[in-house]
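Each chain is listed here by its residues.
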Amino acid sequence: MNATVRVSVVALMCLAAAACAKKQEVKAPPPPEAPTTTTAPTTEGAFTPADLQSNACLRTRVIYFDFDKSDIQSQFDNIVACHAKYLRDRPMARMTIEGNTDERGTREYNLGLGERRGNALASALEAAGASADQIKVVSYGEERPVCREHNESCWHQNRRDNIVYTTE
Amino acid sequence: MRMPKILFALIFALLAALFATQAGAQGLTVQIVNGVPSAIPITVVPFGQQGSGPASPVDIAQIVSMDLNRCGKFRTLPTSEVVESPTTGSQVKFATWQQLKQDYIVVGRTSYDGGALKADFELWDVNKQQQLLGLSITGQGSDLRRVAHQIADQIYQKIIGVRGAFDTRIAYVTMVGLGDNAQYALVVADSDGYNPQTVVRSHEALLSPAWSPNGQELAYVSFESGNSAIYIQNIATGSRRVVSARAGINGAPRFAPDGRRLAVSLSFQGNPEIYAMDLGTGALTRLTHNLAIDTEPRWTPDGASVVFTSDRSGKPQLYEIPASGGTPQRITFQGQYNANASISYDGKKIAMVQGNGNVYRIAVMDRSLGGQETFVSPGNLDDAPSWAPNASMLLYAANEGPRGVLYAVSADGRVRQRLVLGDGDVREPAWGPYRNP
């Protein structure tokens, strides 16, 4: 089959399939679950950088949002609390919060929405005692999806703040 | 008897597929999704060769044909049905073309010498047997396809009464690979997708390309520094400068019609606000004062006001504010979500992304018809409408399965063509201004 015929066949198939826009029924992997119970630091003492690897709460660096929302859901209160404590315990520590959205809507508006989500987490950390100069917010909008399918389970994974420690 | 619509669609698809093989080699393919039976029938006879020089390296008649088909206003006779091959008006046997139900016929001949192409062409009205155009167009070197686009523009203008926009360029962003292997490119191509040239490459996201009014520069947003920053780059020389890399969002650049100011959305003062930047001094004039997301500023053609997206009422809607500042007026009231406006050259039509539930489509609001709105795309995740400079067509981005593709659609939404990259994701189309021949 030569190229012309092949492309023609594809073109006809496209017509038949109403522009090839058939929905794919692909199951996305479930979003990683946030720990529901927090392992408190083993001592009453301050966090150390080692805890970033060993403490179940501190190892959680992502929180999720509802569609078009930027409020921190109560299920993530413990995540906010332990990272705020880390920042309080380690005044030299610095973090970048990366705000992200799902693909729905326009790219530039989603930059704004991602920033709003990043700011929401930054405010919560500051309210819990972290210092504003320890936290930087960057919005990536919809530009850094972790899942690329067009369905809610995928979108849910993408509506997130990522916590990145730049100085531990 | 009217030929069934599906038959026309079939003919268009085959025709498009025929052209597509050649276009595919260039990176983009064109497919006509649905044709229009009311399109004007026109024959473009393959051009003859003048003089004893080498043959033209480009098939002028084929390119003209493809342009006319693309815009949805014409339907060209397939080459296999072009039964005679006149190259001058005096050779045209009008009875033949009347029998084939053609309204117009284009004939011509080329001469090619030392890299310069000269095309003489004539446009005739078949029924009146009257010559409408007789012109000679020349082109040099790598711009030979432009000769054909300029001929198509002349034909379009003569028959439709509006300047043609085939001899224009488009910009878009491509992405291949995922995650850390992602490669982004900002590409400039002819309006039919040929001659793609990469303007800039990046491992981080590129978005929101915007043409300068003279077509020589592109403003865009790049994340290559780790945060959004706005650049202006000269297309021909590749030289570029950062115009905003402030803390927070640096987004949504748009040149003013006079080319001296750039409207942007910046969040360094706390949340995204619209500013007008003087490109000579870099000075910022803040236009909006609100805790909402204010972004996607678009100058009206007279430069007197700016239409932008704001969620100050809860969900994103379009607002208009004087370019010198003032009180914004909301201008969209249909649909839950309206954003990413593109304003036609005459200011009458505003294309936008309109979202209802999980369906995002391109809507066109006609301000000269009291804000009447029509959808010109089927959804579900359409974005980034961009008018051709004559508002005959729109480009927009859509998702098909896992990848992004571009569509060109006629202003009435009746004819759509898909422009797809062979590989990867295409998004963020921006239709450039008219070019001077």
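Residues numbered from 1 in each chain as written. Chains lettered and ligands numbered in written order. Predicted model: local features only at pLDDT ≥ 70, side-chain atom pairs only at ≥ 80, totals over all residues. Heavy atoms only, no water.

A. Fine view of helix H4 (residues 144–160) of chain B. Between its first and last C-alpha, H4(B) extends 25 Å over 17 residues, near the 24 Å set by a 1.5 Å rise per residue. Within H4(B), 13 of the 17 residues are buried, which leaves it mostly tucked inside the rest of the structure. (Helix = DSSP H or I, 4+ residues; strand = E, 2+ residues; numbered from the N terminus. Expected span 1.5 Å × (residues − 1). Buried < 20%, exposed > 50% of the residue type's maximum accessible area, 1.4 Å probe, protein only.)

B. Representation of empty space enclosed by the protein within the structure. In total, this model carries six cavities of 30 Å³ or more according to the counting rule given. What lines the largest cavity is a set of 31 residues, among which Glu103(A), Arg107(A), Glu142(A), Asn399(B) and Arg427(B) lie closest to the centre. Contributing elements (two or more residues each) for the lining of the largest cavity: helix H6 (152–158) of chain A together with strand S28 (393–400), strand S29 (403–410) and strand S31 (425–434) of chain B. Across the lining of the largest cavity, the residue classes tally to twelve nonpolar, six polar and 13 charged. (1 Å grid on protein atoms, 1.4 Å probe; cavity = no way out; pocket = protein on both sides within 12 Å on 5 of 7 lines; lining within 4 Å. Points joined across faces, edges and corners; volume = space filled by probe spheres on them. Nonpolar A, V, L, I, M, F, W, Y, C, P; charged D, E, K, R; others polar.)

C. Structural view of helix H2 (residues 60–70) of chain B. All names here are of chain B. Of all the eleven residues making up H2, ten are buried; the element is thus mostly covered by neighbouring parts of the structure. Every buried residue of H2 is listed here: Ile60, Ala61, Ile63, Val64, Ser65, Met66, Asp67, Leu68, Asn69 and Arg70. Looking one or two residues beyond H2, the residue adopting positive phi is glycine 72, at roughly 85°.

D. A look at the packing of aromatic side chains. Under the defined criterion, the tally for this structure stands at 13 aromatic pairs over all chains. Between Tyr396(B) and Tyr407(B), the ring centres sit 5.5 Å apart and the planes meet at 15°, which makes this aromatic pair stacked. Here Tyr396(B) is found in strand S28, whereas its partner Tyr407(B) is found in strand S29, with eleven residues between them in sequence. Given the relative accessible area of 1%, Tyr396(B) is considered buried. Through a chain of ring-to-ring contacts, three or more aromatic side chains come together here, namely Phe47(A), Tyr86(A) and Tyr165(A). Taking NZ or CZ as reference, Arg416(B) lies 5.2 Å from the ring centre of Tyr407(B), over its face. (Phe/Tyr/Trp six-rings, centres within 6.5 Å; stacked < 30°, edge-to-face > 60°. Lys NZ or Arg CZ within 6 Å of the ring centre and 35° of its normal.)

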